[in-house]
Amino acid sequence: MGADSPRTEECLSGIESCPQTVPITECQCPRCGSEVRMGLPRAATVKSITAEDRPEAGNHRWKVRSIACQNGHEFFVLFEW
Ligand SMILES: [Zn+2]
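A. The overall build of the protein, seen in detail. Looking only at helices and strands, the protein has 1 helix and 5 strands in total. Sequence separation of at least 24 residues holds for 42% of the intrachain contacts in the protein that already meet a minimum separation of 6.

B. Structural view of the environment of His-60. With respect to the secondary-structure elements, His-60 resides in the loop between β3 (45–50) and β4 (62–68). It is 9.5 Å that separates the C-alpha atoms of His-60 and Trp-81, two residues lying 21 residues apart in sequence.

C. Representation of the sheet that holds β4. On the basis of which strands lie adjacent, the open sheet formed by 3 strands has the order β3-β5-β4 and antiparallel pairing. Unpaired on one side and paired on the other, β3 and β4 mark the two borders of the sheet. In this sheet, neighbouring strand axes are inclined to one another by 25° on average, regardless of whether the strands run parallel or antiparallel. Of the strand pairs in this sheet, β4 and strand β5 (residues 74–80) are connected by 7 bridges, and their pairing is antiparallel. The partner of Lys-63 across the bridge, within β5, is Phe-79.

D. Quick peek at the environment of Glu-74. Looking at the element boundaries, Glu-74 is found in strand β5. Taking C-alpha positions, Glu-74 is 6.7 Å from Ala-51, a pair spaced 23 residues apart along the chain. Not counting residues within four places of it along the chain, the set of residues in contact with Glu-74 comprises Ser-66 and Ala-68.

E. Looking closely at the pairing of strand β2 (residues 35–39). The sheet contact formed by strand β1 (residues 24–28) and β2 spans 5 bridges and is antiparallel. Within the sheet, the bridge partner assigned to Thr-25 lies in β2 and is Met-38. Linkage of β1 to β2, two consecutive antiparallel strands, is achieved through a turn of 6 residues, within which Gly-33 is found at a positive phi near 80°.

F. Quick peek at the environment of Lys-63. Position of Lys-63 relative to the elements: it lies in strand β4. The partly exposed category is assigned to Lys-63, around which 16 C-beta atoms lie within 10 Å. In this structure the C-alpha to C-alpha distance between Lys-63 and Phe-79, which are 16 residues apart in sequence, comes to 5.5 Å.

Cut-offs used in this document
Residues numbered from 1 in each chain as written. Predicted model: local features only at pLDDT ≥ 70, side-chain atom pairs only at ≥ 80, totals over all residues. Helix = DSSP H or I, 4+ residues; strand = E, 2+ residues; numbered from the N terminus. Contact = placed C-beta atoms within 7 Å. Pairing = 2+ DSSP bridges. Axes fitted to C-alpha atoms, helices over the stretch in contact; angles between N-to-C directions. Buried ≥ 20, exposed ≤ 12 C-beta atoms within 10 Å, placed from the backbone.

Purely geometric numbers; function is a separate question.
Next up, the structure:
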């Protein structure tokens, strides 16, 4: 929390037609399937989502971010950027 500004969240909730200006990805919680919005760097590609061990960012262009769904399940998103 804290990485995404409240202003960005506000923009997202009201405007669905601005994916070009706000690079947000919706992913599903692996445990309960609820949708979670996360901001990714522009042109980032999600490689995997897991609720198990934190994946290794074995490539220097990969990054791992941990997020939590509305039900408090923490999971990891591996993405390439
Ligand atoms: Zn969940």
